[in-house]
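Report on the structure
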Amino acid sequence: MTGFVGDLRYGLRGLVRNRGFAAAAVLSLALGIGANTTIFTLLNAVFLRPIPVRDSSTLAALVTIDAHTPGQFGLSYPNYRDLRDRNTVFSSLILYSPVTASLTGQGDPQLLMVHLVTGGYFGTLGIPMTLGRGILPEEDAPPAGLPVAVLSYPLWMRLYGGTPSVTARSIEIDGLPYRIVGVAPQGFAGLNQMAGADVFLPFSGFARVVPAPALVGMRRALLFSVVARLKPGSSRRQAEEQLAPLVADLARAYPEDNRDRRVRLLSLEDAAMDARTRPLISRSGVVLLAIAALVLLIACGNVANLLLARASGRNREIAIRLALGAGRHRLVRQLLAEGAVLSLAGGACGLQVARWSRDLLWGMRPPVFRHAAFTLDLDSRVLLFTLAVSLLTGLVFGLVPALRATNPDLAGDLKERGSASGGIRKVTSTRSVLVIAQVALSLVALVGAGLFLRSLQNAALIDVGFDAAHLGVVAYNVADQSYSEDRGRDFHARILERAAAVPGVAAAALSKDTPFRVSAIRTAQLAGEEGQAGHPTLTSVVSPGYFQAVRIPLLRGRDFTATDSKAAPRVVIVNEAAAAVLWPGQDPIGKRLTFAGEGIPVEVVGVTRNANYMDIAEPPRPLVYLSLVQYYFPAAVLYIRTAGDPAETLAAVKREVQSMDPKLVLQTETLAVTMRELLWVQRLAAGLLAAFGALATLLSTLGIYGVISYSVHQRTREIGIRVALGASPAEVRAMILREGIRLVAVGVLIGAVMSLSLAGSVSGLLFLHNARDLTTFTLVPSILVLVGTFACWAPAFRATRVDPSSALRDE
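Since the structure is predicted, the reported quantities are computational estimates derived from the model, not experimental observations. (Residues numbered from 1 in each chain as written. Predicted model: local features only at pLDDT ≥ 70, side-chain atom pairs only at ≥ 80, totals over all residues. Heavy atoms only, no water.)

Turning to the nonpolar core, a few remarks are in order. Membership of the largest hydrophobic core comes to 106 residues, with the highest contact counts inside it found for Phe466, Tyr546 and Tyr625. In terms of residue count, the dominant contributor to this core is helix H21 (residues 680-714) (15 residues). In contact with tyrosine 625, not counting residues within four places along its chain, are Ser540, Val542, Tyr546, Phe547, Ile552, Phe560, Val572, Ile573, Thr608 and Tyr613. (Core = buried A, V, L, I, M, F, W, Y, C linked by side-chain atoms within 4.5 Å. Buried < 20%, exposed > 50% of the residue type's maximum accessible area, 1.4 Å probe, protein only. Helix = DSSP H or I, 4+ residues; strand = E, 2+ residues; numbered from the N terminus. Contact = heavy atoms within 4.5 Å.)

What follows is the structure in structure tokens.
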């Protein structure tokens, strides 16, 4: 160990003497290691960092699986209550529900993420409180519990500066005071990764902060997240099997609500993120990490080339040391120590690159991540990853040069230069192989970037079923200010009237749902077939004039009107997909249906074109529109169709709404911004891949330049002889360019084969019919060949300036 430390000191002194070489090598490694650390930081935060609860292996999340609807859902409150009271496999069962509410009484209203939790929530999870205590079971007792609150650590610091006396104070939410009883520990923001809690309130106060309190009593409403603590010695699989008979009993007892449904147990980590978001981020992260690894390999190739060049200049020194009896393993260890010094320095600089990149990446996150429970911290796991990558790269880029340098031609190397050509050819050959690998890996990175950029181009051309241009929204919830239904209906009517009068507004309408976030699913049953298995359909609630405002074409029938009052027979409008599912081959106008659990028949009065309701690109989904006049919701989204820039008009509309009630929290957004948010993962992947591809190309270009320059330098005598014998400058340039272009062409060919074989693995993230996109696979190799040719040009031009007499005299 002492000898290796001495080698490190010797290597460090050598690198200090060769500052230019050391700077180039460390910079290459810093960029490669920094790229990998950045992506690993993201994956670590989302997938690897454990949720800070006690003994998470004995906790399980309960989800509902519906045989007729793909995906996984929460539980209804009645089902949760029955499972809690009748199960024999759990020591405790808790429920929570993330909702938004307004912080009032402290200046302008602020939007908060509230987790409504059942009593014993913190005790079941084993959360040690920073201050005070959690919410007790008696504080969550029906019907309304006690108005108490537990603050998250960040909210405690932001609002109260971390004062310990906060437990003697109250916080006002939606205009109602809640006595603060505790502060959650730092790092714990609940069990939902995408909706981290600002404050925890008793679940029994659901009606105080949720606009539709009746949902609590609906057995079919799978809206709530449930977590159980397993009894000692029980696994999730065993608990699921033992729970199955109880779930079957509930299906028999409540067939309309629980038919064809079962309960499955998941780990907390698997349930902490939306079932659609988790695999999307996972696949994107793997792709980015793979490309970052390619960048690191290219950087390693560059450093290996630098070390080979440096080692070839030390051939005589190494030959003398070997001739004097130095062991080969001793010299290999010394050269590897020099590589380790470079890699550790590159790792340290890479951490700083990762810190800058992390801040840039987190700053680019869309509003949907505003309440994310994770942060991109450079924790101990990230530091260990960086150290491991640094040491591994030191071994990878240092081993080949070390073995090559310590296997010289002793006789030739001891004769200064006379017999060095063999060693030169070996070094040049090794460096050429490294350059070919760099070009191939660069092509893979650039093709990945090209595919994602092409995908974003295609996404902009996707027909989402409505006209998103010049469309904006203002979201609000009058339940935050405890409006009654009559007062809320009056507010909705006045807001439509005032918004329509704002200059620049072409049309205005209301909906319960924000764009691409339609989530309510009801089971539709044909009139006369109640009790039979129905058809799960999305439902949305809209006002008259909605279809005109968003420009969803009405294909048949009529729109909702003011005459479709609360007292009038209920009517609905269906889209093409719902019509095809419910009444295949028939005209749905005049047909009647019911929704499971309601029993009130509704009549179809119109058919609209299909649109996209949950994502930019999705298969046609059945959807039934309900009238906001007949189905009141205090939470509403005002859609504004503008003649010009929607952002400017939205600001005027927001001021108009704020003047009607200054205490309302308003959220505004244009549809253009919404669509960019939906493509956040793809845009992030495209941006990072483009950056990594450009970096890889730069490193490869430097590698090509270095190899050709080294070749020209070593062939000075040969070039001088050729010029002396009459070779023209054009012939010399062509000779050097052929050598470089041959390396680039071989690398491009290998890279194209690799890219074609790997393209299918990212097809699920692309808006492309074929991941082997012809334009990308034609344009990217062409660009790389041009860049490689440019890298060869400077050494080729320098070769034509070799003075034959000087070259021969030097020899």
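Here we come to the pairing of strand S3 (residues 90-104). The element S3 is extensively covered by neighbouring structure, given that 11 of its 15 residues are classed as buried. Across six bridges, the pairing between S3 and strand S10 (residues 225-230) is antiparallel. Looking at the pairing, leucine 95 lines up with valine 226 of S10. What sits between S3 and strand S4 (residues 110-117) in their antiparallel hairpin is a turn of five residues, with glycine 105 showing a positive phi close to 80°. By the bridge criterion, two bridges tie S3 to strand S7 (residues 170-173) in an arrangement that is antiparallel. If you follow threonine 104 over to S7, its bridge partner there is glutamate 172. (Pairing = 2+ DSSP bridges.)

A few words on unusual backbone geometry. The phi dihedral of histidine 470 falls on the positive side, at around 60°, and the residue is not glycine. In this fold, histidine 470 is placed in the loop between helix H15 (421-461) and strand S12 (471-477). Owing to a relative accessible area of 38%, histidine 470 belongs among the partly exposed residues under this scheme. The backbone of arginine 551 sits at a positive phi, close to 65°, despite the residue not being glycine.

Moving on to the packing of helix H22 (residues 716-724) against helix H23 (residues 729-758). The axes of two packed helices give the description: the angle between them and the distance between them. Where H22 contacts H23, the axes come no closer than 10 Å and their chain directions differ by 145°. Classified by chirality, the crossing of H23 by H22 is right-handed. Mapping the contact onto sequence places Glu718, Ile719, Arg722 and Val723 in H22 and Val732, Met735 and Ile736 in H23. Looking at the contact of H22 with H23 residue by residue, the class counts come to five nonpolar, no polar and two charged. (Axes fitted to C-alpha atoms, helices over the stretch in contact; angles between N-to-C directions. Left-handed = near helix turned anticlockwise from the far one by under 90°. Nonpolar A, V, L, I, M, F, W, Y, C, P; charged D, E, K, R; others polar.)

Close contact between helix H3 (residues 77-86) and helix H7 (residues 236-253) brings their axes to 11 Å; oriented N to C, the two are set at 135°. If you check the angle between H3 and H7, you find them oblique. At the point where H3 passes H7, the crossing takes the right-handed sense. Contacts between H3 and H7 pair Asn79, Asp82, Leu83 and Arg86 from the former with Leu243, Leu246, Val247, Asp249 and Leu250 from the latter. Along the lines of polarity and charge, the residues of the contact of H3 with H7 split into five nonpolar, one polar and three charged. (Parallel < 35°, antiparallel > 145°, perpendicular 65-115°, else oblique.)

Before going further, it helps to examine the side chain of threonine 523. If you trace the backbone, threonine 523 turns up in strand S14 (residues 521-526). Here arginine 220 takes part through its side chain, which lies 2.6 Å from a polar atom of the side chain of threonine 523. (Polar contact = N/O pair within 3.5 Å; in protein donor to acceptor, adjacent residues only side chain to side chain.)

All right, on to the pattern of salt bridges then. With the rule as written, the count across this model stands at 17 salt bridges. The salt bridge involving arginine 219 is made with aspartate 82; its shortest N-O contact spans 3.0 Å. Highlighted residues: arginine 219 in the loop between helix H6 (206-209) and S10 and aspartate 82 in helix H3, separated in sequence by 137 residues. Residue classification places arginine 219 among the buried residues on the basis of a relative accessible area of 10%. Here arginine 621 ties to glutamate 618 by a salt bridge, and the two come within 3.2 Å at their closest N and O atoms. For arginine 621, a relative accessible area of 28% translates into the label partly exposed. Each of Asp467, Arg551 and Arg641 takes part in one network of salt bridges that share partners. (Salt bridge = Lys/Arg side-chain N within 4 Å of Asp/Glu carboxyl O.)

Quick look at the pairing of strand S19 (residues 602-608) now. In terms of burial, S19 is largely enclosed, as six of its seven residues are buried. Note: strand S17 (residues 571-575) against S19, five bridges, orientation parallel. Its bridge partner lying in S19, valine 572 is registered against valine 604. Relative to S19, strand S18 (residues 592-595) runs antiparallel, the two sharing two bridges. Each bridged residue has a counterpart across the sheet, and for leucine 593 the counterpart in S19 is valine 602.

Applying the stated rule across the entire model yields 20 aromatic pairs. Here tyrosine 121 and phenylalanine 200 contribute two aromatic rings whose centre-to-centre distance is 5.9 Å and whose plane-to-plane angle is 40°, an arrangement assigned as tilted. In this pair, tyrosine 121 sits in helix H4 (residues 121-125) while phenylalanine 200 sits in strand S9 (residues 199-202), placing the two residues 79 residues apart along the sequence. Each ring, one from phenylalanine 122 and one from phenylalanine 188, has its centre 6.3 Å from the other, and the planes form 65°; the classification is edge-to-face. One end of the pair, phenylalanine 122, is in helix H4; the other, phenylalanine 188, is in the loop between strand S8 (176-183) and S9, with 66 residues separating them in the sequence. Phenylalanine 188 matches phenylalanine 122 in its accessibility class, with the two residues each being buried. Counting every residue linked through ring pairs, the aromatic cluster contains Tyr77, Tyr80, Phe203, Phe206 and Phe224. (Phe/Tyr/Trp six-rings, centres within 6.5 Å; stacked < 30°, edge-to-face > 60°.)

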